[in-house]
Amino acid sequence: MKEQNSMSVSKVERSMKLLGTGFKVGANYIKHYSQKMVNPHKDRTDLDEANASDIYDTLSHLKGSALKVAQMLSMDKGILPGAYSDKFSLSLNSAPPLSGPLIIKTFQRHLGKSPFEIFDTFDMQAAHAASIGQVHRASKDGVLLAVKIQYPGVADSISSDLKMVKPFAFRLLGMSESELAVYLKEVEDKLIEETDYVNELKQGTFIGDACNGLESLRFPKYFPEYSNGRILTMEWLDGQPLRDFILSEPNQDLRNKVGQALWDFYSFQQHELKLIHADPHPGNFLVDHNGNLAIVDFGCVKEIPADFYHAFFSLVYPPEGTGLPEMQEWMFQLEMLNKKDDPAKIKFFTSMYLEMIGLFGKPYLNETFDFGDPGFITGLYSFGEKATKIPELREARGSRHFIYVNRTNFGLYNILHELKAEVNTGKFSFHTGEIV
Amino acid sequence: METSVRHKILDAYIDHLLMKGNQPTTVYAFCKELGIEEPEFYAHYATFAAIEQDVWMMHYEQTINKIKSLDLWPGYSVREKFLSFFFTYMEELQKKRSLYLVQIKQHRADLKLFTPVYLKKVKEAFELFSNELVKEGISTGEIKERTGITARYKDALWVQFIFLLNFWVNDDSPGFERTDEAIEKGVQVTLDLMSHSPLDNIVEYGKFIFKNAGKAF
């Protein structure tokens, strides 16, 4: 890997970069519409591709939270046109590594010793990049370890980075600043949380312990004595990145096994823990040679509030005999409907949401579900495409908790679709009883 | 015996700076405070500035000793050696931030001139250190020898030194993480410029065009 030597220096410079991209995106639009005047049938794919590529080029020169936002955008395939997300998923592994002396310095600053004093072996070459840090291989007392080191200044620059990404996000999503403020706050809070490795250690340990009884899942053991806010030491888990596993064309049994583990992991968290690992990106999972799924990143964990959980899953699993008024009541609770809406609007949104929930809830409602069925995922995408074109849906709606709950579920669906797994979805289900 | 008085003066001076936040008004007052005779002071230091030079020099030498004793040092590239120097230097400065800030702030304008009095000795030592590493870099091919410019590399590195010191003085980020970033990025760029770069090709091309000016048009 090439050592980093051209990371933007100042906020001003970063603003300039983003500004430059803004112009380029603008230019792409102009190009698109001028071509469209000549050829009215030209579709948006070219435009989206040109935009995605310029945005990606810019973001790859940034690090930290901007990269994270890129990652977030790449998750919501249903919301963003395909071209955006394909380009963005590249951003994951594009950050150049830190220099050797900075690694030593970070250790000395945060743990008071050099990595060589702490571990028996420590590989100065990063094994791979994480979005806001990099991972090194180490060992201690015969145990292989993964040591994640955060880039300096990441936590500090999140808010200012987000401010710069904002106008961009509005343009991409076509929403106004005030409408999105509450959602961006949610994202900002989560991103800041993600830079605290002490927090990640706690979350990883907690969820790992809680999921202990689930089959075919592996969680790393964490080492608090070699960790702190900027350095996280955990057991090194062997395995193939999930993306590579999928590309290796495993047989159907293996696909189903991995898919089942993934589904159980998420439905257990949603229904029993009310706490979810909210970053189901293929980069966060490994598959070992026995087909066990390892989860290696607990930076982003979302707590699902009880009232949100209840209303949301009541919509997904409506009890028999549920009438429209009850469905709407839950929609009001979830801020999908607003008391200020006129009857026509309520009618329109109710039918839109019912269609959406019908699509979204399919895997939850059947005992077994085949995610390989192309109809399901294209149904979701085309609904997403359709939704972005409806002017009424341009306004921001829904509780802020949707951001991470949706991101998790759509991310999960995406992976399961790529796995083409057939999964038994009934093991854990909506209930209003005590949580674990 | 000699050195112990020197040390005593140095310690007392540091203590004075830290407690009072400025230089003693006169050598006389300082000596009285310390309980020594003025001639005794002048036997070791001609001015207060000379003491400050020693303070900074001690810190510089500590840094050099520390990095050169690292197991990794011999294996480092020249780039990494400079990075390691600056990281360690700043880390050490940080441990006594108030002491160094007092001195820097007393001679605020000096830092803009690139050779503050208190850094006179450090500058000489750092230039030797830089030249040594530049030579090493040239022999390994990491740094490109450029006639007439190679000798100025040390100046560029000194500018970097002063820039980082300034940056650190004004850094208000938690744990001075911004300074770490400034070192990481700044040193990389400086070393990039010193290694073979597109600039060389541009200069070469310029020379060629200049010599063959008549042919192109």
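Predicted, not measured: the structure shown is a model, and the values here were computed from it.

Novice: Teacher, can you tell me more about the overall build of chain A here?
Specialist: A tally of regular secondary structure across chain A gives 16 helices and 13 strands. Buried positions account for 55% of the 436 residues belonging to chain A. Accessible surface, chain A as shown: approximately 18,900 Å² in total, 55% of it carbon and sulfur.

Novice: Help me out: how do you make sense of the pairing of strand β3 (residues 133-140) of chain A in this one?
Specialist: For a regular strand, the rule is simple: side chains alternate between the two faces of the sheet. All names here are of chain A. Along β3, six of the eight residues are buried, which leaves the element largely enclosed by surrounding structure. Sheet topology note: the strand β1 (residues 121-122)/β3 ladder contains two bridges and is antiparallel. Following the sheet pairing, Phe122 is matched in β3 by Ala138. Where strand β2 (residues 128-130) and β3 come together, three bridges link them in antiparallel fashion. When the bridges of β3 are listed, His128 appears paired with Val135. Here β3 runs beside strand β4 (residues 143-150); their pairing, made up of eight bridges, is antiparallel. Its bridge partner lying in β4, Lys140 is registered against Val143. Between β3 and β4, which follow one another and run antiparallel, lie two residues, and Asp141 among them has a positive phi close to 50 degrees.

Novice: I keep staring at the interface of chain B and chain A and nothing clicks. Help me out?
Specialist: Interface size is often expressed as the accessible area that is lost when the parts come together. Each partner contributes to the interface: chain B provides 22 residues, whereas chain A provides 21 residues. Roughly 1,900 Å² of surface becomes buried between chain B and chain A when both sides are summed, with 51% attributable to carbon and sulfur atoms. In terms of surface lost to chain A, no three residues of chain B exceed B:Glu177, B:Glu184 and B:Lys185, which account for 30% of the buried area on that side. Seen at the junction of chain B and chain A, the total is five salt bridges.

Novice: Before we go on, may I ask you to explain the confidence of the model for chain A in this structure?
Specialist: Detail in the predicted coordinates should be disregarded across regions flagged by low pLDDT. Residue and element names in this part refer to chain A. Mean pLDDT over chain A: 77, with 70% of residues reaching 70 or higher. pLDDT under 50 marks residues 1-40. Its contacts with residues more than four places away, or in other chains, come to 69 contacts. This stretch, residues 58-94, has a pLDDT under 50; its non-local contacts, to residues over four places away or in other chains, come to 95 contacts.

Novice: Would you explain the domain arrangement of chain B in this entry?
Specialist: Residue and element names in this part refer to chain B. We note that the domain assignment places domain 1 (4-44) and domain 2 (52-208) within chain B. Relative placement of domain 1 and domain 2: their C-alpha centres are 31 Å apart. Regarding the contact of domain 1 and domain 2, the summed buried area is about 810 Å², with carbon and sulfur atoms giving 70% of it. Among the residues domain 1 hides against domain 2, the three largest losses belong to Leu10, Leu17 and Leu18. Together they make up 48% of the total. If you look at where domain 1 meets domain 2, you find one salt bridge. Ionic pairing is found between Arg6 and Asp54, a salt bridge with its closest N-O pair at 2.9 Å. Joining domain 1 to domain 2, the criterion identifies three residue pairs in polar contact (both at pLDDT 80 or more). The residue makeup of the side of domain 1 that touches domain 2, split by class, is five nonpolar, three polar and one charged.

Novice: I keep staring at the sheet that holds strand β7 (residues 240-241) of chain A and nothing clicks. Help me out?
Specialist: What holds strands together in a sheet is hydrogen bonding between their backbones, with the strands either parallel or antiparallel. Residues and elements named next belong to chain A. The strand order across the open sheet built from four strands is β5-β10-β9-β7, with neighbouring strands paired in mixed fashion. Pairing within the sheet leaves two strands with one partner each, and these edge strands are β5 (217-218) and β7. As defined by bridge partners, β7 adjoins strand β9 (residues 285-287) across two bridges and the pair is classed as antiparallel. The residue bridging Pro241 from the neighbouring strand is Leu286, located in β9. Sheet contacts for helix α11 (residues 252-273): β5, β9 and β10 (293-295); angle to β10, the most-contacted strand, approximately 40 degrees.

Novice: Sorry if this is basic, but what is going on with the confidence of the model for chain B here?
Specialist: Residue and element names in this part refer to chain B. The share of residues in chain B with pLDDT of 70 or more is 95%, and the mean pLDDT across the chain is 87. Averaged pLDDT values for the elements of chain B fall to 66 in helix α7 (residues 108-112) and rise to 94 in helix α8 (residues 120-140). Interface confidence in the predicted complex, given as ipTM, is 0.75; pTM for the same model is 0.74.

Conventions used here
- Residues numbered from 1 in each chain as written.
- Chains lettered and ligands numbered in written order.
- Predicted model: local features only at pLDDT ≥ 70, side-chain atom pairs only at ≥ 80, totals over all residues.
- Heavy atoms only, no water.
- Helix = DSSP H or I, 4+ residues; strand = E, 2+ residues; numbered from the N terminus.
- Buried < 20%, exposed > 50% of the residue type's maximum accessible area, 1.4 Å probe, protein only.
- Areas by Shrake-Rupley, 256 points an atom, 1.4 Å probe, with all protein chains shown as cover.
- Pairing = 2+ DSSP bridges.
- Contact = heavy atoms within 4.5 Å.
- Buried area = accessible area lost by both parts, 1.4 Å probe.
- Salt bridge = Lys/Arg side-chain N within 4 Å of Asp/Glu carboxyl O.
- pLDDT = per-residue confidence, 0-100.
- Domains from an automatic or database assignment.
- Polar contact = N/O pair within 3.5 Å; in protein donor to acceptor, adjacent residues only side chain to side chain.
- Nonpolar A, V, L, I, M, F, W, Y, C, P; charged D, E, K, R; others polar.
- Axes fitted to C-alpha atoms, helices over the stretch in contact; angles between N-to-C directions.

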